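Residues per chain, in single letters:
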Amino acid sequence: MSSTDYNYDEQGQFFPYFVITVTALVTVPVTISWLRPSKELESTASRIESNFKPEHADLIEGQRKKQKRRERRLKRALVSVGGWLVICWMAYLMAVTARTIPKIWDPYDVLGVSRSATEKQIKSHYRKLSVMLHPDKAREDPAKNITKETINDHWVEVTKAFKALTDEEIRNNYLQYGHPDGKQSFSIGIALPKWIVTEGHGKYVLLMYALALGVLLPYTVGRWWYGIQRITREKILVASAGKLFREYDNDHTDGAVVGVLSSGEEFNEVLNGHKADNGLSKLEQKVLADGTSLSGVLAKKERQKLDDLDESRRRKVLTLLWAYLGRIELDDENLNDEKYEVAPVALRLNEAYTAIALAYSNTKAVLSAYHTSQNLIQAMRPGASPLEQLPHFTPTVAAAAEAEKSRTHMSIQEFMRIPAEKRKARVVAPGFLSASQFEDAMTVASQLPVLHVERAFFKVVGERFVTPSSLVQFVLKCRFIPPGATNVPAVKSSDLEDIDPEEGDVAAITGRKDDKSGEKPIQPPLAHAPYFARNHAPRWHVFLADSKQGKIAVPPFSFSTFDKPIIDETGKPTFNVQTMKMQFGAPPQAGSYTFVMHMICDSYVGMDTKMEVTLKVEEASKAVEMGEEDEISEPDEDTIAGQMRTLKSGGVSRSSKPRKRVAQDDESSGSDTEGDVESESETDTETDTDEE
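As annotated in an unreviewed UniProt entry, the protein is DnaJ-domain-containing protein from Lojkania enalia. The heading Subcellular location (unreviewed entry) in the UniProt record of the protein holds the text "Endoplasmic reticulum membrane".

Written out as structure tokens, the structure is:
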């Protein structure tokens, strides 16, 4: 009669399997997430070559390493390493304890005969064994640990094996139940050593389960849920987003945006404890002193805001941000370190502020947010000369370089268009730059990715006209032309055309088709930002605005990767024409609509593009009429109608000419088309370019 026994894992045969399974469920995914290479653009882009080392380069590099340590997630590394150590230990125990697992009882193995042996062969072999192994004939051998008891036990096993192969009833028991004695008791091994629940340890097991299920599990789930609920899509705290929203104003200038960003809760981690008060007085004296680069920047309103702040932490954050933007030496290592630490936090908060400004669709507020991003990345105060982005260019050097500019600043592009000798004469002098410093600055300037618009137009895929409420594509044809570039090739007219995708290719029509055929996305070099304690991949934001209302008509589309190489293998610019597209719904009424197109680079000052573009929306009936005209086919030459048409045309057959629609400027429709082989549809725009 069978029974079921529950027993504990006395020999530790099952316990390692249980532990290794549970540990692997946690360790494997944690290890994958820890070791998986980052797909962020900042981890894959190249760098602009430069030998420039800013002041306190060691502090800036220290902040970058600190951020990398956070990104590596030390906790995940510890969990991963610890988990694999446990798995290795359990695997070792499995290998060791496997030797003590008893073998399955096999009568053929006990008798030492093959499974193909006949009954006659089995009986013959049994008689031979009885001569050697029978208790009356076998002899004890203490040297080999052979005693009378072992001889008797062995003979019992041999006899049982012989009967299992020759006796009908015993043989049936073996074949049916795997044992000559019939059905055995069913044993379930609990994968826990017996000592855990014996000898008074039971209460500790109950306590362990109570802590795991009643405390640890709810705490882990609650912390995870609270963590994802307290972070917005822009990766900032919900509390910070609320403060930014409350302080937002459509009329905020670049300097006012900096004041709003100082309200972020993220700065509490940077200036925790006594750090909020340490050095605050000295910091304010340095920033507000006369004769600094901020003297003409901090307006009365910004100074008043700083004076009105009662909270010491926010007061210090705002002062540190202005010290960073003004590149002010604080004569204190801790203060300088904090100065470089708050800037990346402010940039992250600025992304949330930009989202708020976009929700209000106010052009001025959005531009202020984008300009603040440029200032934070380049460590430049609002209104500073774009030339200060170059290595060694201080406000004094930039002023000397802008000799011809009186009211407005000179961009890097304008400066690089000045003859080289004249540029050098302006800034290479005692008290300004040395020859080597000038060369370093020019080397960096010649590598900056300036995106130049070659053509901008609207189109509807597969159509010759833009009709009301149709899905419009705004297409930009651009080239990266570094400042001071020479021998720039002319643009091919074919590169300025936009070929319609094949009919039914939804991915290409919607702009989601990967034209790079599985290749890695092509991106510009990382932003040259020696004072910014993070790697940053430049992004270009393109949007259309209504200049009359001061509102954004089409929200920004952001571009960080492109479809053609920007530089070749030798590091020289390719001047390839890049295509950038953004889609939106056409106005519901026919007419001409003039927008102001803004293309803003978030990483560099003075490299934005502003231009007017006109969208011509035709009546839907006109598109239908043109479609019907296109469908009228010409008669074949071998027909009477065809021959008459040939005579009317002066004996020249149209079919002998290549069938090609020539692009023509149609002011009434605002569209031009070309080609029969590859369908193209483009709607011209009247553009006035003003590269800022």
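J.: How should the overall build of the protein be read in this particular structure?
T.: Per the secondary structure count, the protein includes 24 helices and 12 strands. Burial statistics for the protein: of 692 residues in total, 40% are counted as buried. When contacts within the protein are restricted to residue pairs at least 6 apart in sequence, long-range pairs at least 24 apart make up 70% of them. Carbon and sulfur atoms provide 53% of the accessible area of the protein, an area that totals close to 39,500 Å².

J.: What's the story with the pattern of salt bridges in this structure? I'm lost.
T.: A side chain with one charge may pair with a side chain of the opposite charge, provided their charged atoms come close. The full count for this structure, using the stated rule, is 13 salt bridges. In this structure, Glu265 engages Lys243 in a salt bridge whose closest nitrogen and oxygen atoms are separated by 2.3 Å. Of this pair, Glu265 sits in the loop between helix H11 (254–261) and helix H12 (267–270) while Lys243 is found in helix H10 (residues 238–247), placing the two residues 22 residues apart along the sequence. Judged by its relative accessible area of 22%, Glu265 is partly exposed. Under the relative-accessibility criterion, Lys243 is labelled partly exposed at 25%. One salt bridge in this structure joins Glu388 and Arg381, with 2.9 Å as the shortest N-O distance. The pair Glu388 / Arg381 is uniform in exposure class, with both members buried.

J.: Please clarify how a nonpolar patch on the surface should be interpreted in this entry.
T.: On the surface, a cluster of nonpolar side chains totalling about 580 Å² of accessible area is made up of Leu213, Leu217, Val221, Trp224 and Trp225. Position of Leu213 relative to the elements: it lies in helix H9 (residues 202–229).

J.: What exactly am I supposed to notice about the nonpolar core here?
T.: Within soluble globular proteins, side chains that are nonpolar generally end up buried alongside one another. Counting 113 residues, the largest nonpolar core has Phe393, Phe474, Leu476 and Met597 as its most contacted members. Per-element tally for this core: the top contributor is helix H16 (residues 333–360), with 12 residues. Contacts of Phe393, omitting those with residues within four sequence positions, involve Arg327, Leu387, Glu388, Ala398, Ala401, Phe415, Val427, Leu433 and Ala441. Counting 16 residues, the second-largest nonpolar core is a separate cluster that includes Leu129, Phe162, Ile170 and Tyr174.

J.: I keep staring at the packing of aromatic side chains and nothing clicks. Help me out?
T.: For any two aromatic rings, the description comes down to two numbers: the centre-to-centre distance and the angle of the planes. Taken as a whole, this structure holds 14 aromatic pairs when the rule is applied. Ring geometry for Tyr126 and Trp155: centres 5.6 Å apart, planes at 20°, overall stacked. Highlighted residues: Tyr126 in helix H6 (residues 119–133) and Trp155 in helix H7 (residues 148–166), separated in sequence by 29 residues. A relative accessible area of 11% means that Trp155 is categorised as buried. Between Tyr248 and Tyr353, the ring centres sit 5.6 Å apart and the planes meet at 55°, which makes this aromatic pair tilted. Taken together, the residues span a long stretch of sequence, with Tyr248 in the loop between H10 and H11 and Tyr353 in helix H16 at a distance of 105 residues. In this pair, the class of Tyr248 matches that of Tyr353, namely buried. Chaining the aromatic ring pairs together yields one cluster made of Phe245, Tyr248, Tyr353 and Tyr360. A cation sits over an aromatic face here: Arg455 above Phe457, 4.3 Å from the ring centre.

J.: Please clarify how unusual backbone geometry should be interpreted in this entry.
T.: Among all residues save glycine, negative phi is the norm, and among peptide bonds the norm is trans. The phi torsion at His56 lies on the positive side, around 60°, for a residue other than glycine. Phi at Ser361 takes a positive value of approximately 60°, unusual for a residue other than glycine. By the element assignment, Ser361 lies in the loop between H16 and helix H17 (363–378).

J.: What is the right way to read a positive patch on the surface from this model?
T.: Where like charges cluster on the molecular surface, the positive patch consists of Arg47, Lys65, Lys68 and Arg69. For Lys68, the location among the structural elements is in helix H3 (residues 57–72).

J.: Help me out: how do you make sense of the packing of H11 against H16 in this one?
T.: Angle between the axes and distance between the axes are the two parameters that describe a pair of packed helices. Where H11 contacts H16, the two axes come as close as 10 Å, and the packing angle between them is 110°. Judged by the angle between their axes, H11 and H16 are roughly perpendicular. Residues Val257, Val260 and Leu261 of H11 touch H16, and the partners they reach there are Ala346, Leu349, Asn350 and Tyr353. Of the residues contributing to the contact of H11 with H16, the split by class is six nonpolar, one polar and no charged.

J.: Looking at this structure, I do not really get helix H1 (residues 15–35). What am I missing?
T.: In an α-helix there are 3.6 residues to a turn, and that puts residues three or four apart on one side. A rise of 1.5 Å per residue sets the reference length of H1, with its 21 residues, at 30 Å; its end C-alpha atoms lie 29 Å apart and thus fit the reference within 8%. Of all the bends found along H1, the most pronounced is centred on Ala24 and spans about 35°. Three or more residues of H1 are buried, namely Pro16, Val19, Ile20, Thr23, Thr27, Val30 and Thr31.

J.: Would you mind showing me how to read H6 here?
T.: If you check H6, its first and last C-alpha atoms are 20 Å apart, about what 15 residues at 1.5 Å a residue would give, namely 21 Å. Those residues of H6 not exposed but buried are Ile122, Tyr126, Leu129 and Ser130. Viewed end-on, H6 has its buried residues packed into an arc of 105°, placing them on one side of the element. Those residues of H6 that are exposed and angled more than 90 degrees off the buried face are Lys120, Arg127, Lys128 and Met132. Next to the buried residues of H6 lie helix H5 (107–111) and H7.

J.: Teacher, can you tell me more about the packing of H11 against H17 here?
T.: Direction vectors running N to C along H11 and H17 enclose 75°, while the axes themselves pass 9 Å from each other. Relative to H17, H11 is oriented roughly perpendicular. Residues Asp254, Val257, Val258 and Leu261 of H11 touch H17, and the partners they reach there are Ser368, His371, Thr372, Asn375 and Leu376.

J.: Please explain the UniProt feature "transmembrane region" (unreviewed entry) in the protein as it appears in this structure.
T.: In the UniProt entry, the feature "transmembrane region" (unreviewed entry) is given for residues 14–35, 74–95 and 204–226. Between the C-alpha atoms that bound residues 74–95 the distance is 32 Å, and the span itself is 100% helix and 0% strand.

J.: How should the pairing of strand E6 (residues 551–559) be read in this particular structure?
T.: In the case of a regular strand, side chains alternate between the two sheet surfaces. Where strand E5 (residues 540–546) lies against E6, six bridges are found, and the strand directions are antiparallel. Considered in E6, the bridge of Trp540 is made with Phe559. The turn linking E5 back onto E6 is made up of four residues, and Gly550 within it adopts a positive phi angle of 70°.

J.: How should the confidence of the model for the protein be read in this particular structure?
T.: Keep in mind that low pLDDT regions are not for reading the predicted coordinates in detail. Mean pLDDT for the protein: 80, with 77% of residues reaching 70 or above. When mean pLDDT is taken per element in the protein, H17 scores highest with 96 and strand E10 (residues 671–672) scores lowest with 38. For the stretch residues 512–517, pLDDT sits under 50, and the model shows eight contacts to residues farther than four places along the chain or on other chains.

Calculation notes
- Counting restarts for each chain: residues are numbered from 1 in the order of the written sequence.
- Local features in this predicted model are restricted to residues of pLDDT 70 or higher, and side-chain atom pairs are both shown and tallied only at a pLDDT of 80 or more, whereas totals for entire chains, interfaces and linings draw on every residue.
- With hydrogens and water set aside, each side-chain value is computed from the structure's full complement of heavy atoms.
- UniProt positions are given in the numbering used here, feature names are shortened, and annotations may be inferred rather than shown by experiment.
- Helix and strand assignments follow DSSP, with helices taken as H or I runs no shorter than four residues and strands as E runs no shorter than two, numbered in order from the N terminus.
- Here's how the labels work: a residue is buried when its accessible area is under 20% of the maximum for its type, exposed when over 50%, partly exposed in between, all with a 1.4 Å probe on protein chains only.
- Residue contacts are defined here by distance: any two heavy atoms, one from each residue, within 4.5 Å place the two residues in contact.
- Computed with the Shrake-Rupley method and a 1.4 Å probe, the accessible areas treat only the protein chains shown as cover for residues.
- Whenever a carboxyl oxygen of Asp or Glu lies within 4 Å of a side-chain nitrogen of Lys or Arg, that contact is scored as a salt bridge.
- In this analysis, a patch consists of residues with relative accessible area above 30% that form no salt bridge, clustered at 9 Å for like charges and at 5 Å for the nonpolar side chains Val, Leu, Ile, Met, Phe, Trp and Tyr.
- Remark: nonpolar core denotes a set of buried residues (Ala, Val, Leu, Ile, Met, Phe, Trp, Tyr, Cys) joined through side-chain atoms within 4.5 Å.
- Only Phe, Tyr and Trp rings are paired, with Trp represented by its six-membered ring, and only when their centres lie within 6.5 Å; those with planes under 30 degrees apart are stacked, over 60 edge-to-face, the remainder tilted.
- Note on geometry: a ring has a charge over it if NZ (lysine) or CZ (arginine) is within 6 Å of the ring centre and within 35 degrees of the ring normal.
- His residues and chain termini do not enter the charge count, which takes Lys and Arg as positive and Asp and Glu as negative.
- Charge positions come from single atoms, namely NZ of Lys, CZ of Arg, CG of Asp or CD of Glu.
- Whenever a helix is involved, its axis is fitted only over the stretch in contact; in every case the axis is a line through C-alpha atoms, and angles between N-to-C directions fall within 0 to 180 degrees.
- Under this scheme an angle from 65 to 115 degrees is roughly perpendicular, one under 35 degrees roughly parallel, and one over 145 degrees roughly antiparallel; angles in between are oblique.
- Under the scheme applied here, ten amino acids are nonpolar (Ala, Val, Leu, Ile, Met, Phe, Trp, Tyr, Cys and Pro), four are charged (Asp, Glu, Lys and Arg), and all others, including Gly, are polar.
- One fewer than the residue count of a helix, multiplied by 1.5 Å, yields its expected span.
- The angle separating two fitted axes, one through the seven residues that finish at a residue and one through the seven that start at it, defines the bend at that residue.
- Each direction from the helix axis to a C-beta atom contributes to the arc, which is the arc of those directions.
- DSSP calls a pair of strands paired once it identifies at least 2 bridges connecting them.
- The predictor's confidence in any single residue is recorded as pLDDT, a number from 0 to 100.

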